[in-house]
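# A look at the structure
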Amino acid sequence: MATKEKAKKGGKDSDKKNKKIEDEDKKIEKAATENLGTIDENVIVIEQEVSPQESTQPLPVQEPVIAVNEYEEPVLAELIIESYEGEKVKGLYDGLAVARFKDKHTYEGQFSEGLMHGKGKYTWADGVIYEGDFFRNVVTGKGLYLWPDGRGRDMGKESFGGKTMSCHTVVTGIRGRMSYDVTGKSFYDGDWVMNLRHGWGVRQYASENVYEGMWFNNARHGQGTMKWADKDQIYTGQWENGIQHGLGQHTWILRRVPGSQYSMRNVYDGEFVNGLRHGYGTFHYANGASYSGYWNNNMKHGKGKFLFKNGRIYEGMFEHDHIVEYPDFRMNGTTTPDISGIRTRTPLPSDDVSIQSNESRNTITPNFQLEIDALLSEFPEDDQEEEINHVLVVITRHVSSLRKIYQFYSRLGFEESLDNTFSLSRMQFWRFAKDCHFHHSGKTLMEMDRYIGKCYNKATFELHNPFERILMRQFINCLVLLAYQIYGDQFQDSAPVLANCLSTLITENILRHACNVQGRFFYEPRRSIQALIYVDQSYEIFQCLCHPRKHLPKEPAFKMREFLFLMKDLKLMNNDLTPQHVIKVLSSEDPAVVDGDGFYNLELEMTFLEFFEALIGCAEIYATEALVKDPITPRPSTAMTHSVYSVPACPSRVASHAGMEQELGDTNALQTPHEKAASPPFSETPRAPSSNAGTVKTTKGGSAKSKKLPVV
């Protein structure tokens with residue numbers, strides 16, 4: 001082997017190189033936020049004035065490629081041994097030993113047939129250390145490089161195949177960690193291809209800002225999330241060449257008093273072009289106002305609809321952040337302006353706007369309104385007022401306990417909240433319902449979702465969305481609806497019916513069982529945080545497996561029988577994970593699966609929570625210690641990673657575009673990511689293909705013909 005090159009020079013130049021990396025990181029972190037316009041995250045605003053001259057479009061900032069010679073992984077020295085302490089077999093070094101080479105390099109570890117082979121630690125004279133796998137005098141497999149200045153590269157959470165070390169390491173298709181400072185605050189942990197960040201990875205900068213998502217040729221590219229800890233901002237969506245480009249959501253967070261339920265934040269959800277709001281999007285202001293329409297270079301431009309804080313709506317054309325019809329109209333930024341001089345209208349049912357009236361008699365607090373009109377329609381008109389009054393009495397009696405329970409379940413799976421607020425997701429609501437034994441009534445969680453959706457006229461794709469947010473007032477309304485669905489037959493002749501049903505549900509189910517978390521992962525904080533890492537990919541798989549029901553509303557569904565077949569099709573059945581074990585997992589919280597005579601009911605539908613927990617339960621049985629240690633067991637692949645291009649566009653966003661193009665005029669010329677989204681060339685390694693093959697192919701009649709799971 002050749003002697004290590006530039007060993008002394010690397011030590012002398014380390015301070016200069018660290019300074020260079022730190023400057024590069026500051027440029028990278030600053031680039032994305034500079035492109036986002038002039039929204040002040042610390043002020044509750046309806047709108048801020050931005051002149052066209054101030055909204056100049058910055059050039060895209062490419063994250064610099066780290067030169068390979070800045071992190072040379074040294075080669076082993078000439079094998080001229082000056083001293084050896086250890087055993088020999090037939091005159092050759094063998095077993096554990098310590099060898100000291102010429103020029104004061106040392107090796108401590110395993111030898112075989114006279115060569116360094118197995119686990120060992122090699123230390124160069126200038127203090128550079130490699131500790132890990134060796135194969136016949138070649139550094140290969142899993143290992144860790146450490147430089148004297150504290151930099152390090154972890155060569156592997158997964159092994160890589162025999163690459164001989166020359167002047168530097170060519171890292172191909174592995175997952176590893178690179179530290180950029182002594183403290184370890186600045187690092188990259190993820191996929192590497194040809195010494196470049198490529199694939200999925202987490203990059204934490206020295207400022208503790210974090211990007212987590214897809215990389216392409218050392219640049220943020222694909223689906224990813226950036227959190228600016230020093231600015232209380234979050235962006236989640238598509239990236240291209242290191243900046244926001246495509247569909248995404250940018251949030252400006254306003255911190256609340258700890259324990260607050262309602263978050264205060266400005267949120268833009270829509271299209272970005274080169275880091276600017278450009279195309280169609282919705283901006284939700286922290287004070288309740290919102291704008292939905294077209295944007296051009298961070299400014300409202302084109303057809304749009306503005307919902308004022310007081311509920312009035314203006315719909316028309318905007319140009320350079322101003323209403324075309326009223327160019328002199330101004331807003332003061334914190335309160336609803338005088339809109340008597342402009343044309344506005346009240347919301348229509350199609351606007352899907354909930355306007356609360358101070359004169360409503362069915363309110364408990366200004367933030368709560370009882371919305372059960374669909375349920376009340378089943379009662380005689382003369383009895384409806386009495387039913388409402390008695391329900392409000394029951395809610396008032398238990399509202400403190402219900403609020404504590406809501407806050408408890410909304411925190412499941414989360415260590416912290418950036419703005420000190422938590423809101424319940426449907427997945428957490430499912431966990432609450434199962435803990436409180438709602439499904440012991442003979443109704444499945446899927447049937448409960450359908451009943452709630454029917455009362456609120458929800459779209460098909462919204463019925464079982466595990467990521468839907470449920471506010472406290474919506475939570476209580478859902479309890480009223482489910483109470484009638486579960487206990488309605490029991491109290492049909494006992495007026496007031498709704499109050500009796502709700503009181504029974506609260507006392508017999510909720511107060512008795514709530515906060516005693518069951519299931520496979522939510523019950524332990526660290527376990528739930530680790531499990532939720534796989535939620536997005538698991539939900540993609542779940543969506544591919546579901547198929548439309550024959551009965552209305554004909555939404556996609558998945559049955560327990562199909563889960564059992566899935567385990568068989570994936571060849572996961574063995575002596576440890578048998579069909580009986582799978583059924584035991586499915587029936588662990590559902591008494592309806594197995595009756596007293598030993599018969600199985602596998603026609604029950606599963607929500608995504610039940611599917612996800614069943615996967616975890618089967619994994620705990622299948623992944624035995626012997627299986628994990630077996631060298632022939634396939635390891636998780638880093639070559640194929642989650643790609644944003646496999647995720648379908650949100651139906652609600654697509655529908656919101658309908659009929660807008662004809663009235664847009666010149667704004668049709670705006671170039672959005674849907675029309676052009678070129679990827680940078682990369683000749684060395686092709687991009688990981690998206691999981692478009694995971695879509696469900698159907699025949700003309702609509703029946704599923706074939707299904708393929710997305711590659712994970």
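Residues numbered from 1 in each chain as written. Predicted model: local features only at pLDDT ≥ 70, side-chain atom pairs only at ≥ 80, totals over all residues. Heavy atoms only, no water.

As recorded in an unreviewed UniProt entry, the protein goes by the name Radial spoke head 10 homolog B2, listed as coming from Pomacea canaliculata.

Turning to the packing of helix α7 (residues 472-487) against helix α8 (residues 497-513), a few remarks are in order. Across the interface, α7 lies against α8 with an axial gap of 8 Å and an inter-helix angle of 95 degrees. As the angle between them shows, α7 and α8 are arranged roughly perpendicular. Residue-level inspection shows L479, V480, A483, Y484, I486 and Y487 of α7 in contact with α8, the latter providing V497, L498, C501, L502, T504, L505, E508, N509 and I510. Classifying every residue of the contact of α7 with α8 by side-chain character gives 12 nonpolar, two polar and one charged. (Axes fitted to C-alpha atoms, helices over the stretch in contact; angles between N-to-C directions. Helix = DSSP H or I, 4+ residues; strand = E, 2+ residues; numbered from the N terminus. Parallel < 35°, antiparallel > 145°, perpendicular 65-115°, else oblique. Contact = heavy atoms within 4.5 Å. Nonpolar A, V, L, I, M, F, W, Y, C, P; charged D, E, K, R; others polar.)

With that settled, the discussion passes to the pattern of salt bridges. Summed over the entire model, instances satisfying the criterion amount to 23 salt bridges. For E610, the salt bridge goes to K434, with nearest N and O atoms at 3.3 Å. Of the two residues, E610 is situated in helix α13 (residues 608-622) and K434 in helix α5 (residues 426-435); the sequence distance between them amounts to 176 residues. For the pair E610 and K434, one class covers both residues: buried. Across the pair E620 and R527 runs a salt bridge, and its minimum N-O distance is 1.8 Å. With E620 in helix α13 and R527 in helix α9 (residues 525-531), this pair connects stretches of sequence that are 93 residues apart. (Salt bridge = Lys/Arg side-chain N within 4 Å of Asp/Glu carboxyl O. Buried < 20%, exposed > 50% of the residue type's maximum accessible area, 1.4 Å probe, protein only.)

Cis geometry is adopted by the peptide bond preceding P496, which originates at A495 and carries an omega value of -5 degrees. Mapping P496 onto the fold places it in the loop between α7 and α8. Residue P553 follows L552 across a cis peptide bond; omega there is 5 degrees. Along the chain, P553 falls in the loop between β23 (547-548) and β24 (556-557). Even without glycine at this site, E208 takes up a positive phi of about 75 degrees. Note that E208 resides in the loop between β10 (196-204) and β11 (210-216). Of note, the phi angle at K571 is positive, near 60 degrees, even though the residue is not glycine. Relative to the elements of secondary structure, K571 occurs in the loop between α11 (560-569) and α12 (579-586).

The next subject is the packing of α11 against α13. Contact pair α11 / α13: the axes reach a minimum separation of 12 Å and the direction vectors enclose 40 degrees. With respect to their mutual orientation, α11 and α13 come out oblique. Handedness of the crossing formed by α11 with α13: right-handed. Where α11 abuts α13, its residues F563, L566 and M567 lie against F611, A614, L615 and C618. Residue composition of the contact of α11 with α13, by class: seven nonpolar, no polar and no charged. (Left-handed = near helix turned anticlockwise from the far one by under 90°.)

Formed by 83 residues in total, the largest nonpolar core has its most connected members in F432, F438, F475, I510 and F563. The biggest single contributor to this core is α7, with 12 residues. Counting contributing residues, this core receives three or more from each of domain 2 (362-518) and domain 3 (528-629). With residues near it in sequence (within four places) discarded, F563 still touches F558, V582, L586, M606, F611, A614, L615 and C618. Membership of the second largest hydrophobic core comes to 27 residues, among which are Y188, M226, F283 and F318. (Core = buried A, V, L, I, M, F, W, Y, C linked by side-chain atoms within 4.5 Å. Domains from an automatic or database assignment.)

With respect to the secondary-structure elements, Q204 resides in strand β10. Residue class for Q204 comes out buried when judged on its relative accessible area of 19%. Among the polar contacts listed, one links the side chain of Q204 to the backbone oxygen of K185, at a separation of 2.9 Å. Aside from chain neighbours lying at most four places away, what touches Q204 is K185, S186, F187, N209 and V210. (Polar contact = N/O pair within 3.5 Å; in protein donor to acceptor, adjacent residues only side chain to side chain.)

Our next topic: the environment of H301. Inspection of the secondary structure puts H301 in strand β18 (residues 299-307). H301 gets classed as buried once you look at its relative accessible area, which sits at 16%. Between the C-alpha atom of H301 and that of F318, which follows or precedes it by 17 residues, the distance is 4.8 Å.

Taken as a whole, this structure holds zero disulfides when the rule is applied. Not part of a disulfide, C436 finds its nearest cysteine sulfur in C515, a span of 7.9 Å. (Disulfide = S-S within 2.5 Å.)

Tracing the backbone through its elements, the reader meets K119 in strand β4 (residues 115-123). Residues within four places of K119 in sequence aside, it is in contact with Y107, G109, Q110, G132 and D133. At 2.6 Å, the side chain of K119 and the side chain of D133 are in polar contact.

On to the confidence of the model for the protein. Mean pLDDT over the protein works out to 73, with 66% of the residues at or above the 70 mark. Considering only residues more than four positions removed or in separate chains, one finds that residues 1-12, a stretch of pLDDT under 50, has 20 contacts. Predicted confidence for residues 156-172 stays below pLDDT 50, and this span has 50 contacts to residues more than four positions away or in other chains. (pLDDT = per-residue confidence, 0-100.)

A cluster of acidic residues, E381, D382, D383 and E386, forms a negative patch on the protein surface. Within the secondary structure, E381 sits in helix α4 (residues 381-410). (Patch = residues over 30% accessible without salt bridge, like charges linked within 9 Å, V, L, I, M, F, W, Y side chains within 5 Å. Areas by Shrake-Rupley, 256 points an atom, 1.4 Å probe, with all protein chains shown as cover. Lys, Arg positive; Asp, Glu negative; His and termini not counted. Charge placed at Lys NZ, Arg CZ, Asp CG, Glu CD.)

Another point: the packing of aromatic side chains. Each pair of aromatic rings is reported with the distance of its centres and the angle of its planes. Taken as a whole and assessed by the stated rule, the structure comprises 45 aromatic pairs. Ring geometry for Y107 and F134: centres 5.1 Å apart, planes at 80 degrees, overall edge-to-face. Linking Y107 in strand β3 (residues 106-112) with F134 in strand β5 (residues 129-135), this pair joins segments that are 27 residues apart in sequence. The burial state of Y107 is the same as that of F134; both residues are buried. Geometry around Y291 places K300 over its ring, the cationic atom sitting 5.7 Å from the centre. (Phe/Tyr/Trp six-rings, centres within 6.5 Å; stacked < 30°, edge-to-face > 60°. Lys NZ or Arg CZ within 6 Å of the ring centre and 35° of its normal.)

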